[in-house]
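Residue-level structural notes
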Amino acid sequence: MQFKFFVCNFICFASDFIYMQTTMKQSLKIFLGEILNNDEIKLMNRSFDVIGDIAVIEIPPELEAKKKEIGKAILNFKHIKVVAAKAGIFEGEYRTRKLEIVAGENRKETIYTEFGCRYLLNIEEVYFSERLGNERIRISQQVKEGEKILAMFAGVGPYPILIARMKKRENKNVEIYAIELNPVGYKYMVENVRINKVNIKCILGDVKTETPKLGLKFDRIIMPLPKDAENFLDTALNAINDRGIIHYYGFSDNTKIFAEEVKKQCENFGYGAEISDVVACGAYCPKIGRVCVDLKINKK
Ligand SMILES: C[S@@+](CC[C@H](N)C(=O)[O-])C[C@H]1O[C@@H](n2cnc3c(N)ncnc32)[C@H](O)[C@@H]1O
């Protein structure tokens, strides 16, 4: 019954997402048709992201002068209250990105809802990607009764909160710890744990120092820091149980080679690793994608 509920939820989420992207693209053309010519519309043809009631758009340099008009046109979408233009790339330790409000209300905080979980966040001060919803549910569905889980690099809490809520509905007991370095991300995670009425031990600090301090062994460790995960693999290996699972994220142009490299790194640290799955989960830039390798670790 519970499983069916989540399969239905997942199918609805995926089809809604595709439907939204298609209809938004079509509507975008209609709304922009009033202010841009056909060539300019083609430049804007990338679909935009929507986090809560904020649309995040990319303004091509050729259309910089028209960004406010474009923003106003996007406000025609019923549920959009703010239009923010990307003003940089994800960068720094906190993986945040500068945004410029080009239309609508002057705020960057919103509430994003996904699979029945609600996340309050400031889209500029913390990292959040609504494109990883399928990946979060994929991992949540693997979690079994009695697991002790460590969500490293937890951000505003989307992985641990979804797992906690899903297992609560399934009447499964799990113990979850979540570590985040960005104080703003940590503050939102604590608030989101409260909003979603789940039980997660939230920790502010560096995974490198906070994980050993817990003095615990985990059945599952999630490592969603694709840019730097290799610097923390030893920390995860030291904290994983024998036959525990590590979900290791990275960027690569070849999922198979990437998975083999991660397995080799585990072996170099003296651990056996069996690759149980390799999943491409989104684009980083043309030709390079985000990859998750699921590794079953055995302590030799
Ligand atoms: C790519 S984001 C992922 C956030 C979240 N898991 C999500 O999916 O929305 C990586 C997060 O790790 C945090 N971070 C970076 N280095 C860290 C460290 N050494 N210890 C703990 N958190 C760290 C960043 O602040 C950021 O929130």
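Description of the structure in this document. (Residues numbered from 1 in each chain as written. Predicted model: local features only at pLDDT ≥ 70, side-chain atom pairs only at ≥ 80, totals over all residues. Heavy atoms only, no water.)

Points about helix H6 (residues 183–195)
Over its 13 residues, H6 runs 18 Å from end to end, which matches the ideal 18 Å to within 8%, given 1.5 Å per residue. Looking at the buried residues of H6, the elements they touch are strand E5 (109–114), strand E6 (117–122), helix H5 (158–169), strand E8 (175–180) and strand E9 (201–204). Backbone nitrogen of Val 184 and a side-chain oxygen of the N-cap are separated by 2.9 Å at the start of H6; the cap is Asn 182. The first or second residue beyond H6 is Lys 197, which carries a positive phi of 55°. (Helix = DSSP H or I, 4+ residues; strand = E, 2+ residues; numbered from the N terminus. Expected span 1.5 Å × (residues − 1). Contact = heavy atoms within 4.5 Å. Polar contact = N/O pair within 3.5 Å; in protein donor to acceptor, adjacent residues only side chain to side chain.)

Details of the packing of aromatic side chains
Counting across every chain of the model gives 10 aromatic pairs. Taken together, a centroid distance of 6.1 Å and an interplanar angle of 40° make the contact between Tyr 248 and Phe 258 tilted. One end of the pair, Tyr 248, is in strand E11 (residues 240–252); the other, Phe 258, is in helix H9 (residues 255–268), with 10 residues separating them in the sequence. Phe 258 sits in the buried class, given a relative accessible area of 9%. Grouping aromatic residues by their ring pairs yields a cluster made of Phe 31, Phe 48 and Phe 77. (Phe/Tyr/Trp six-rings, centres within 6.5 Å; stacked < 30°, edge-to-face > 60°. Buried < 20%, exposed > 50% of the residue type's maximum accessible area, 1.4 Å probe, protein only.)

With respect to the sheet that holds strand E4 (residues 99–104)
The mixed open sheet is built from 4 strands, whose spatial order is E1-E2-E3-E4. At either end of the open sheet lies a strand with only one pairing partner, and these are strand E1 (49–51) and E4. In this sheet, adjacent strand axes meet at a mean angle of 30° when their direction is disregarded. Across the sheet, helix H3 (residues 67–74) is in contact with strand E2 (54–57), strand E3 (82–86) and E4; its angle to E4 comes to roughly 60°. (Pairing = 2+ DSSP bridges. Axes fitted to C-alpha atoms, helices over the stretch in contact; angles between N-to-C directions.)

Overview of the pattern of salt bridges
Taken as a whole and judged by the stated rule, the model has 21 salt bridges. Arg 136 is the salt-bridge partner of Glu 114, the closest N and O atoms lying 2.9 Å from each other. Here Glu 114, found in strand E5, pairs with Arg 136, found in helix H4 (residues 133–140); they are 22 residues apart in sequence, far enough to count as distant. Residue classification places Glu 114 among the buried positions, given a relative accessible area of 2%. One salt bridge in this structure joins Asp 234 and Lys 208, with 3.2 Å as the shortest N-O distance. Of the two residues, Asp 234 sits in helix H8 (residues 233–239) while Lys 208 sits in helix H7 (residues 207–214), which places them 26 residues apart along the sequence. (Salt bridge = Lys/Arg side-chain N within 4 Å of Asp/Glu carboxyl O.)

Some points on the sheet that holds E8
An order of E9-E8-E7-E10-E11-E13-E12 is seen for the 7 strands of this open sheet, with the pairing classed as mixed. Bordering the open sheet on either side are E9 and strand E12 (271–285), each of which pairs with just one other strand. The sheet shows a mean angle of 15° between the axes of neighbouring strands, taken without regard to direction. Relative to E11, strand E10 (residues 218–223) is paired through 5 bridges, and the arrangement is parallel. The residue bridging Ile 221 from the neighbouring strand is Ile 246, located in E11. With respect to the sheet, H9 is in contact with E11, E12 and strand E13 (288–299), its orientation differing from that of E12 by roughly 140°.

Structural notes on the nonpolar core
Residues Tyr 119, Leu 121, Ile 123 and Ile 200 are the most contacted members of the largest nonpolar core, which totals 41 residues. The element contributing the most residues to this core is H5, with 6 residues. When we break this core down by domain, the ones giving at least three residues each are domain 1 (2–107) and domain 2 (130–299). Leaving out residues up to four positions away in the same chain, Ile 200 has contacts with Pro 160, Ile 161, Ala 164, Ile 176, Ala 178 and Val 193. Ranked by size, the runner-up nonpolar core spans 30 residues in total, among them Phe 153, Tyr 177, Ala 229 and Val 262. (Core = buried A, V, L, I, M, F, W, Y, C linked by side-chain atoms within 4.5 Å. Domains from an automatic or database assignment.)

Let's talk about the site of the ligand
Surveying the vicinity of the ligand reveals 18 residues, the closest of which are Glu 93, Phe 153, Glu 180, Asp 206 and Val 207. At 2.6 Å, a side-chain N or O of Glu 180 approaches an oxygen atom of the ligand. One nitrogen or oxygen atom from the main chain of Leu 181 is found 3.2 Å from a nitrogen atom belonging to the ligand. Contact with the protein chains removes 96% of the 590 Å² of surface that the ligand exposes when unbound. Residues that form the shell around the ligand fall into these classes: 11 nonpolar, 3 polar and 4 charged. (Near = heavy atom within 4 Å. Areas by Shrake-Rupley, 256 points an atom, 1.4 Å probe, with all protein chains shown as cover. Nonpolar A, V, L, I, M, F, W, Y, C, P; charged D, E, K, R; others polar.)

Side note on empty space enclosed by the protein
Enumeration over the complete set of coordinates arrives at 1 cavity of 30 Å³ or more. Size it by volume and the largest cavity reaches roughly 60 Å³. In this structure, the largest cavity is lined by Ile 51, Val 56, Phe 90, Arg 97, Leu 99, Ile 123 and Phe 128. Of the residues assigned to the lining of the largest cavity, the class counts are 6 nonpolar, no polar and 1 charged. (1 Å grid on protein atoms, 1.4 Å probe; cavity = no way out; pocket = protein on both sides within 12 Å on 5 of 7 lines; lining within 4 Å. Points joined across faces, edges and corners; volume = space filled by probe spheres on them.)

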